[in-house]
2 protein chains.
Amino acid sequence: MKLVGMMGSPYVRRVAVSMRLMGLEHEHRQISVFRDTDEFRTINSVVKAPTLICENGEMIMDSSMILDYLESRVAPDRSLMPKDSAEHQKVLSLIGLGLAVCEKAVQLEYEYNKPVAYHYEPWQTRVTEQLHAALALLEKAAASANPWLATAQLSQADVTVAAAWRFTQFRVSHLVEVQRYTALAAYADQVEKLPEFVATPLK
Amino acid sequence: MKLVGMMGSPYVRRVAVSMRLMGLEHEHRQISVFRDTDEFRTINSVVKAPTLICENGEMIMDSSMILDYLESRVAPDRSLMPKDSAEHQKVLSLIGLGLAVCEKAVQLEYEYNKPVAYHYEPWQTRVTEQLHAALALLEKAAASANPWLATAQLSQADVTVAAAWRFTQFRVSHLVEVQRYTALAAYADQVEKLPEFVATPLK
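In this text, all values refer to a predicted model and were calculated from it rather than measured experimentally. (Residues numbered from 1 in each chain as written. Chains lettered and ligands numbered in written order. Predicted model: local features only at pLDDT ≥ 70, side-chain atom pairs only at ≥ 80, totals over all residues. Heavy atoms only, no water.)

Asker: What is the right way to look at the packing of helix 1 (residues 10-22) of chain A against helix 6 (residues 156-171) of chain A in this model?
Answerer: What describes two packed helices is the angle between their axes and the distance between those same axes. Residues and elements named next belong to chain A. Put simply, helix 1 and helix 6 touch, their axes get as near as 9 Å, and they point 140° apart. Taken together, helix 1 and helix 6 sit at an angle that is classed as oblique. Helix-helix and strand crossings are classified by hand; for helix 1 and helix 6 the assignment is right-handed. Within the contact between the two elements, helix 1 uses Pro10, Arg13, Arg14, Val17, Ser18 and Leu21 and helix 6 uses Gln156, Val159, Thr160, Ala163, Arg166 and Phe167. Looking at the contact of helix 1 with helix 6, its residues break down into six nonpolar, three polar and three charged. (Axes fitted to C-alpha atoms, helices over the stretch in contact; angles between N-to-C directions. Helix = DSSP H or I, 4+ residues; strand = E, 2+ residues; numbered from the N terminus. Parallel < 35°, antiparallel > 145°, perpendicular 65-115°, else oblique. Left-handed = near helix turned anticlockwise from the far one by under 90°. Contact = heavy atoms within 4.5 Å. Nonpolar A, V, L, I, M, F, W, Y, C, P; charged D, E, K, R; others polar.)

The structure is reproduced here in structure tokens:
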């Protein structure tokens, strides 16, 4: 399998970290949808990261679809999705919040990458409020993490939420102050010490 | 269970149609993240649709996380995700493409909702190209649909792709001409005749 995309995307990073945690052998091609658009287009004409090229050549995009595929191939003891229904529900709820943080932070990153004359303040305000609402719910969840958010073992909720938090500090740190989310920041710092996270740094 | 959000979102619609196809009893609260922001905020502070309120009060957002939860509760013969690994892979690949169409069409809808002075042409061009690249891949898939895209029975690929296509015709039809995607349009027309689609019209 081949994973295509830059760690600067929280969606690519949640997949890359998950593949390491799952013990799935793969090649990782770090090319950018922005700087390497033409090269990316030869792999996936939609120019969307992450893209997974499966062993049989099939292409899957969208990090959640890729993770669904990977879960179908992983050894049962390496799965990041709990079988217990209450735990499964809690993990999905937290992933949804983590993905909301990713989406809003990415929208703001794109907005700030435009020339200043095109920054549309009502849109920025709305998206920033949504970002903080999702972070506030995750701050509550992190305050009772023990040490993981949802389950006795690390789950996909931990991977997605930690990747989402790290991305906010990488790209929109001027909007997301650590002092406002101390439990979430402390929790994410612990997760980032795992070797699978250390091996997939943002850059 | 309660599903919250307007059918004008392809993400809400893929969940609403799926719940009907799965035979899952639910209430559907059609309120808008834009027109009914304050009311929506009392249900989900992130103001993100679709939101699912589970029977135990847990909240799940993100259509793919909601569908994952629903799949864990559905009768096996009503599941929209095939168990066969090759079919499962194909369905995920097509859903990824359908979600790319949704994402790019929604981005363009939001862009066109801004005052004209804030329309940033390089961004619009890039996203429009991505939209057409995803549609071109789906046009190929639709050309060999028989009658469904991936499997002998209707699957989540059909729900997501048909909902994505319909949304392009609802919101960005000036960019997506039917003549360019005749197989996809004909395929989607058939899917839209299913009672579960007819019962969940865009408005």
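Right, picking up where we left off after that structure.
Asker: Can you help me understand the interface of chain A and chain B in this one?
Answerer: Interface size is often expressed as the accessible area that is lost when the parts come together. On the chain B side, the residues contacting the 47 residues of chain A number 47 residues. In total, chain A and chain B occlude about 3900 Å² of area from one another, counting both sides; carbon and sulfur atoms represent 61% of this. Area buried by chain A at its contact with chain B is led by A:Met65, A:Gln89 and A:Arg126, which between them contribute 16% of it. At the junction of chain A and chain B, the tally comes to six salt bridges. Our enumeration of links across chain A and chain B arrives at 18 residue pairs in polar contact (both at pLDDT 80 or more). For the side of chain A that touches chain B, the secondary-structure elements that each account for two or more residues are helix 2 (37-43), strand 4 (59-61), helix 3 (63-71), helix 4 (85-113) and helix 5 (121-143) of chain A. A per-element tally of the side of chain A that touches chain B places helix 4 of chain A first, with 13 residues. (Buried area = accessible area lost by both parts, 1.4 Å probe. Salt bridge = Lys/Arg side-chain N within 4 Å of Asp/Glu carboxyl O. Polar contact = N/O pair within 3.5 Å; in protein donor to acceptor, adjacent residues only side chain to side chain.)

Asker: How do you make sense of the packing of aromatic side chains when you look at a structure like this?
Answerer: Note on aromatic pairs: each is described by the distance of the centres and the angle between the planes. If you walk through the whole model with that rule in mind, you get eight aromatic pairs over all chains. Considering the side-chain rings of A:Phe34 and A:Tyr110, the 5.5 Å spacing of their centres and the 85° angle between planes classify their relative orientation as edge-to-face. You can see A:Phe34 sitting in the loop between strand 2 (27-29) and helix 2 and its partner A:Tyr110 sitting in helix 4, a full 76 residues away along the chain. By relative accessible area, A:Tyr110 is classed as partly exposed at 24%. Plain terms: the ring middles of B:Trp165 and B:Tyr181 are 6.1 Å apart, the flat faces sit at 70° to each other, and that makes the pair edge-to-face. Note that B:Trp165 is positioned in helix 6 (residues 156-171) and B:Tyr181 in the loop between helix 6 and helix 7 (182-191), a separation of 16 residues in sequence. Overall, the relative accessible area of 5% leaves B:Trp165 in the buried class. (Phe/Tyr/Trp six-rings, centres within 6.5 Å; stacked < 30°, edge-to-face > 60°. Buried < 20%, exposed > 50% of the residue type's maximum accessible area, 1.4 Å probe, protein only.)

Asker: Teacher, can you tell me more about the relation of the copies chain A and chain B here?
Answerer: Each copy superposes on the other: chain A lies on chain B with an RMSD of 0.0 Å after a rotation of 180° and an axial shift of 0.0 Å. Both chain copies can therefore be described as sitting about a two-fold axis. Closest to the rotation axis within chain A is the C-alpha of A:Tyr118, separated from it by 2.4 Å. (Least-squares fit on C-alpha atoms with pLDDT ≥ 70 in both.)

Asker: Whenever I open this one, helix 3 (residues 63-71) of chain B confuses me. Can you help?
Answerer: Structurally, the α-helix is built with 3.6 residues per turn, so residues lying three or four positions apart point the same way. Residues and elements named next belong to chain B. Of all nine residues that make up helix 3, eight are buried, and the element is covered over most of its length. Where helix 3 is concerned, the buried positions are Ser63, Ser64, Met65, Ile66, Leu67, Tyr69, Leu70 and Glu71. The backbone nitrogen of Ser64 has a side-chain oxygen 2.9 Å away, supplied by the residue at the start of helix 3, namely Asp62.

Asker: Before we go on, may I ask you to explain the side chain of A:Thr51 in this structure?
Answerer: Residues and elements named next belong to chain A. Mapped onto the secondary structure, Thr51 falls in strand 3 (residues 51-53). With a relative accessible area of 0%, Thr51 lands in the buried category. Engagement of the side chain of Thr51 in a polar contact is seen with the side chain of Asn44, the distance being 2.9 Å. The residues contacting Thr51, other than those within four sequence positions of it, are Lys2, Leu3, Val4, Phe40, Asn44, Met59, Ile60, Met61 and Ile66.

Asker: Looking at this model, I keep getting lost on the sheet that holds strand 3 of chain A. Mind explaining?
Answerer: Adjacent strands of a sheet pair through backbone hydrogen bonds, lying either parallel or antiparallel. Residues and elements named next belong to chain A. Judged by pairing direction, the sheet is mixed, and its four strands sit side by side in the order 2-1-3-4 without closing on themselves. Two strands close off the open sheet at either side, each with one partner strand: strand 2 and strand 4. Averaged over all pairs of adjacent strands, the angle between their axes in this sheet comes to 20°, without regard to strand direction. Sheet topology note: the strand 1 (residues 2-4)/strand 3 ladder contains three bridges and is antiparallel. (Pairing = 2+ DSSP bridges.)

Asker: Would you mind going over the packing of helix 5 of chain A against helix 7 (residues 182-192) of chain A with me for this structure?
Answerer: All names here are of chain A. For the pair helix 5 and helix 7, the least separation of the axes is 7 Å and the interaxial angle reads 65°. Crossing hand, helix 5 versus helix 7: left-handed. Mapping the contact onto sequence places Leu135, Leu138, Glu139, Ala142 and Ala143 in helix 5 and Thr182, Ala183, Leu184 and Tyr187 in helix 7.

Asker: Even after reading the chapter, I still don't get the domain arrangement of chain A, so can you show me in this structure?
Answerer: Residue and element names in this part refer to chain A. In terms of domain boundaries, chain A breaks down into domain 1 (2-72) and domain 2 (85-199). If you average the C-alpha positions of domain 1 and of domain 2, the two centres end up 20 Å apart. Between domain 1 and domain 2, the residue contacts involve 12 residues of the former and 18 residues of the latter. The largest share of the area that domain 1 buries against domain 2 comes from Pro10, Arg13 and Arg14, three residues that together contribute 39% of it. Where domain 1 packs against domain 2, one counts one salt bridge. The partner of Arg13 in a salt bridge is Glu192, with the nearest N and O atoms 2.7 Å apart. If you look at where domain 1 meets domain 2, you find five residue pairs in polar contact (both at pLDDT 80 or more). (Domains from an automatic or database assignment.)

Asker: Please explain the nonpolar core as it appears in this structure.
Answerer: When a protein is soluble and globular, its nonpolar side chains tend to lie buried together. Within the largest apolar cluster, 151 residues are counted, with the highest numbers of intra-cluster contacts made by A:Leu70, A:Leu184, B:Leu52, B:Leu70 and B:Leu184. If near-sequence neighbours (up to four positions away) are discounted, B:Leu184 is found in contact with B:Leu135, B:Leu138, B:Glu139, B:Ala142, B:Val161 and B:Trp165. (Core = buried A, V, L, I, M, F, W, Y, C linked by side-chain atoms within 4.5 Å.)

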